[in-house]
Amino acid sequence: MLGFKVQKKLADKGGKSKDTDSSHVLISPTMLYAGSSKFSPKEEFVDLETKKLYHAKVAFQVCVRPGSYTVGPQQLGVREPIDVHFSNNDLEWYTKEEGSIILHSLLIKVDPV
């Protein structure tokens, strides 16, 4: 599972946005969704030794306590299946429960450009 924190912003009377208490953690059961450019943008770097250019993406793999999350649909707006193992209606998992997620691994993908 991959995750990141989402916070809603509300405009106060002065028109400025402020964080609300409705923040939650969003995770996905598939790297095909969580690894999309919306959630895991590519970062460029140069290997100083070889001078070759690379793109890198990172994500966390996590363990989630069963029953601590709600399931929602993908928000990328695509119609075709993103991952054949999951319905597009089940690609976003949300939780507000503290302690329901444990970090398992840091995933790093490096591709030559």
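Read on for an overview of the structure. (Residues numbered from 1 in each chain as written. Predicted model: local features only at pLDDT ≥ 70, side-chain atom pairs only at ≥ 80, totals over all residues. Heavy atoms only, no water.)

What follows concerns the environment of Gly99. Structurally, Gly99 can be placed in the loop between β8 (92-95) and β9 (101-112). Since its relative accessible area comes to 61%, Gly99 is described here as exposed. Sequence separation between Gly99 and Val64 is 35 residues, and the spatial gap between their C-alpha atoms is 9.1 Å. (Helix = DSSP H or I, 4+ residues; strand = E, 2+ residues; numbered from the N terminus. Buried < 20%, exposed > 50% of the residue type's maximum accessible area, 1.4 Å probe, protein only.)

Further remarks concern the pairing of strand β5 (residues 43-46). Across 4 bridges, the pairing between β5 and strand β6 (residues 53-64) is antiparallel. Bridge pairing in β6 places Glu44 opposite His55. Counting the residues between successive antiparallel strands, the hairpin from β5 to β6 contains 6 residues, one of them, Lys51, with a positive phi of roughly 65°. (Pairing = 2+ DSSP bridges.)

Taken in spatial order, the 3 strands line up as β5-β6-β9 in an open sheet, and their pairing is antiparallel. Looking at which strands have only one partner, the edges of the open sheet turn out to be β5 and β9. Neighbouring strand axes in the sheet, compared pairwise and without regard to direction, differ in orientation by 35° on average. (Axes fitted to C-alpha atoms, helices over the stretch in contact; angles between N-to-C directions.)

By the bridge criterion, 11 bridges tie β6 to β9 in an arrangement that is antiparallel. When the sheet's bridge partners are listed, Tyr54 is paired in β9 with Pro112.

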